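# Chains, contacts and geometry: an overview
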Amino acid sequence: MASNIVFLPFRRTHPVSLSASIRQYISTKYDQHPDMFVRDMDAIDKLRADAVNSLEAHTSGIRKLTAYAAQLVWMGGKFPIDIGADFSWYPALGFNTQRPISQNNLRFELVNVLFNLASLYSQLAVSLNRSTSDGLKSACNYFCQAAGVISHIKTVIIPDMRSSPPEDMDTMTLESIQQLLLAQAQECFWSKAVKDGLKDGLIAKLAAKVSDFYDQAAEYGTKSDIISTEWIHHMTAKQHHFAAAAQYRASRDCLDKQNYGEEVARLRDSLTCANEALKESRWINRIVLGDLNGLKSRVSEDLKRAEKDNDVIYLMPVPPKSELKTLDRAGMATARVPQEVSDPSSTLGEGGIYGQPLFAKLVPYAVHIAASIYEERKNRLVNVSIIDELEGLTNQLKDLLQSLNLPGSLQALEKPLGLPPSLTTHAEEIRQQDGLHRLRRSMHETSKLKANDTTIYKEGVDLLRSEAVEDDRAKLKHGTDRWSRQPSQQAADKLYAQVSEIDGYLKSAASSDELVTTKLKECEKVLNVLSGSDRDIEEYVPSSRRAVMPPNVQHAAGDLRNMLNEVSRLESRRKRQIEKMRDKAKQDDINQVILAETARLEREFPMQKIEPAQFENLFEERLERYEGDQKSIAKEKEEQDQILSQLRQSNTAFANARKGDTSTREREQALQRLENAYVKYKEIISNLNTGRKFYNDLAKIVNRFRDECKNFAYQRRIEAGQLESELSNAMSALNLSQATSLQEQKQRESLRSHYSAKGLSSEPLTAPTPTRAAVQPPTAPAPGMWNPEMGIKFGGVTTPQQPPANGTVHNPAYPNTRAKGGQWDANQGLRFG
């Protein structure tokens, strides 16, 4: 460093064709053709090139960087942050400045651009002529803006990155940088105050605040793995330097106010601080070292003069450092975020300094989110309220058929030999679908999806648990009174609610998975038979002995067959109805309607970010088209109840007609087992498809949950670090205040004990008379008691003498008189004999 202040270095990057990634994304994710945005793509590439090549201290770079940053913020509403462009940036600080970091993240690009903006502000401040008042004022302003940009990065951009920040942008590093920039801004203001000849008392307050800023910067720097040792030594030296400068200016203020004893004390403390700063002389540059030596030389000269004057002339007591009043602070440097950074939307659009926003005609990314929300609601309505209800009614039919041993009992009677055609069809279907292998493969895939979802969910839970442990540990360390922030479960009540919610999903799904496994075990043997050849099935189904049916049995069987055919027609019609509902939902494309609504919102509310919540009314109106289908479920249920009642009656009549006939009992049971196995097979396939869809949908939920847990834990660590720092500063101030109060209390108690013996006397105390020191020792007075008759002795213990006749001896009541002869040794102090 060749200056008494430092600047942030720029971050470097590689060329990236952002337009290529945008083109690819538009072509795959949007309905609009990317050629519609050729000019916008060329413009964004040019903006990036101008911004990343602004690596010199010139004011033109401010516009280039902020213009590109504003467009990046605007594009965040149009595109997802992982648009497909890998941005590579080299760290500016630390030990890995030659190893780039790459992320597919628009926020990562933004945070690096804004860091370069802060670097540019700091370098502009350093490049100015700070020997003039105007130059110091401009430098102070640049440093404050640089600190503001760093603060904006720390509090706004990084928490929204949804990924880990660059290694040289961790909380401690950014805090140290921000405090350093504020320290240098305050130093510029201090220099201007000195140049303008302001009062020493005000300059002392300004210098004390400079020291505080450097102290904070050094403290955060030691907690960072990135801030270099050179910077830490520089900040430590500057901290003590300005502590010395503050005490020096305070001593001059004391001299003006004729507080000569305090002047000596503050000069001594100033010299101590200067010597403390010079301990860093091995590591700091010659300019800072020259400033320190110059200050020390001046303080030393003033201290010699002040001690001599006080010893010879003023004879005032010199208070110890613990009794010196802490200097007040005058903070003039604050982190100011430029409007172009804090409100980039104000720079774009009509009247904006950076012109029109790019990709304005592209449908915002929030619109796609809104479309997905509608799609999810529509599918839930169609699948749960309509299709699931229809399938539930069909399952009731199947359950009744199984309970009535249908159609096995009727098939055994109608076809005593061979296999029924329906059974042959079912067996062929299972063989073509590779039945059991298909079920086992689907179950294995579902288990993998479940394991992945569970792992991601546990990662999020572990993040919350670790954050809660850290918070409890800090609460135990500092106490609940000082550690006053919200507990973890209150601060993230929604996330903790999701923990129970997702856990409920997983437990419910586990129960469903076990049920499916049980179903498969129950019918696995029979499914093996159905998966075999027709000869295997014929061997499994015994032939019956009866070949001719009596007329009453034949009549009852005919009625029952008609009812079974009616049930089959009902099932077929319902299956077509379900397919029709699925087609209707598939053709229900809301994109064009959302686009029209988006255009209206952008016209009426320009520059307002489009949010999915703005389409709620549109969603409700659109879903009304399914009300008729929902109402038809009641009619389906009524019709099915009638058919089921007739089926029970027909089956009862059939059973009564065949009462006592056991010739087909074994064949009936075998055929019914095969029919039931086929029904279970179809049911398990449906269950597995539902489970696979459930776990795929749950994957989106748990991924979002884990990301939100990461963001919450990161923000809480930032908050905890800031609170730790505030508590540390408060405790330091409290300890100093308590020490001072304790010292004052002891002093008051000591004075009360000294004067308690005279407190009962009605005569007023006479003023003590100063006398010269004599050689003969006096008679020892009562211990701990000051005798006013003996006066004040200077130097060693002496016998009292009468004051000279000329009356020029120094009297505390007349501080302007001068004593002749008998110089007081300051090292001996004042002794009351």
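Keep in mind it's a predicted model, so treat the numbers as computed, not measured. (Residues numbered from 1 in each chain as written. Predicted model: local features only at pLDDT ≥ 70, side-chain atom pairs only at ≥ 80, totals over all residues. Heavy atoms only, no water.)

So, about the confidence of the model for the protein. In this model, the protein carries a mean pLDDT of 82, and residues with pLDDT of at least 70 account for 83%. A low-confidence stretch, residues 751-783 stays under pLDDT 50, and its non-local contacts, those more than four residues away or across chains, total 47 contacts. Counted against residues more than four places away or in other chains, residues 794-821, with its pLDDT under 50, gives 55 contacts. (pLDDT = per-residue confidence, 0-100. Contact = heavy atoms within 4.5 Å.)

According to UniProt, the feature "coiled-coil region" (unreviewed entry) maps to residues 553-580 in the numbering used here. The span residues 553-580 carries 100% helix and 0% strand; its end-to-end C-alpha distance comes to 40 Å. (UniProt positions renumbered as here; feature names shortened; annotations may be inferred. Helix = DSSP H or I, 4+ residues; strand = E, 2+ residues; numbered from the N terminus.)

Another aspect to go through is unusual backbone geometry. The residue Gln258 is not glycine, and still its phi comes out positive at about 65°. On the secondary structure map, Gln258 appears in the loop between α8 (229-256) and α9 (260-278). Even without being glycine, Leu315 reaches a positive phi, approximately 55°.

Turning our attention to the environment of Gln247. By secondary structure assignment, the location of Gln247 is in helix α8. Overall, Gln247 belongs to the buried group, its relative accessible area being 11%. Sequence-wise, Gln247 and Lys205 are 42 residues apart; in three dimensions their C-alpha atoms are separated by 9.4 Å. Dropping the residues within four chain positions of it, Gln247 is found in contact with Arg266, Asp269, Ser270 and Leu327. A polar side-chain atom of Gln247 sits 2.7 Å from a polar atom in the side chain of Asp269. (Buried < 20%, exposed > 50% of the residue type's maximum accessible area, 1.4 Å probe, protein only. Polar contact = N/O pair within 3.5 Å; in protein donor to acceptor, adjacent residues only side chain to side chain.)

Another aspect to go through is the pattern of salt bridges. Once their charged atoms are close, side chains differing in charge can pair, the charge on each being opposite to the other. Using the criterion set out here, one finds 48 salt bridges in the structure. For Glu375, the salt bridge identified is with Lys378, shortest N-O distance 3.0 Å. On the criterion of helical spacing, the pair formed by Glu375 and Lys378 is a turn pair, its members being 3 residues apart in helix α12 (residues 365-403). By relative accessible area, which is 33% here, Glu375 ends up partly exposed. Through salt bridges with shared partners, a single network forms among Glu467, Asp471, Lys475, Arg485, Arg716 and Glu719. (Salt bridge = Lys/Arg side-chain N within 4 Å of Asp/Glu carboxyl O.)

Further remarks concern the side chain of Arg107. Along the polypeptide, Arg107 turns up in helix α4 (residues 106-127). If we ignore the near neighbours within four places in the chain, the residues touching Arg107 are Leu72, Gly76, Ile81, Ile157, Asp160 and Met161.

Closest axis-to-axis distance for the helix α1 (residues 18-29)/helix α2 (residues 38-52) pair is 8 Å, and the angle between their directions is 145°. For the pair α1 and α2, the sense of crossing is right-handed. Contact with α1, carried on its side by Leu18, Ser19, Ile22, Arg23 and Ile26, involves Val38, Met41, Ile44 and Asp45 of α2 and no other residues of that element. Here the residues of the contact of α1 with α2 are counted per class, giving 6 nonpolar, 1 polar and 2 charged. (Axes fitted to C-alpha atoms, helices over the stretch in contact; angles between N-to-C directions. Left-handed = near helix turned anticlockwise from the far one by under 90°. Nonpolar A, V, L, I, M, F, W, Y, C, P; charged D, E, K, R; others polar.)

Taken together, Glu620, Glu621, Glu624 and Glu627 make up a surface patch of like negative charges. With respect to the helices, strands and loops of the structure, Glu627 is situated in helix α22 (residues 627-657). (Patch = residues over 30% accessible without salt bridge, like charges linked within 9 Å, V, L, I, M, F, W, Y side chains within 5 Å. Areas by Shrake-Rupley, 256 points an atom, 1.4 Å probe, with all protein chains shown as cover. Lys, Arg positive; Asp, Glu negative; His and termini not counted. Charge placed at Lys NZ, Arg CZ, Asp CG, Glu CD.)

Taking 1.5 Å as the rise per residue, helix α6 (residues 171-195) with 25 residues should run 36 Å; its terminal C-alpha atoms sit 36 Å apart, in good agreement. A large share of α6 lies buried, amounting to 20 of its 25 residues. Two to three positions downstream of the cap, the backbone nitrogen of Met172 sits 3.3 Å from a side-chain oxygen, assigning the N-cap of α6 to Asp170. Phi for Gly197, located one or two positions after α6, is positive at around 70°. (Expected span 1.5 Å × (residues − 1).)

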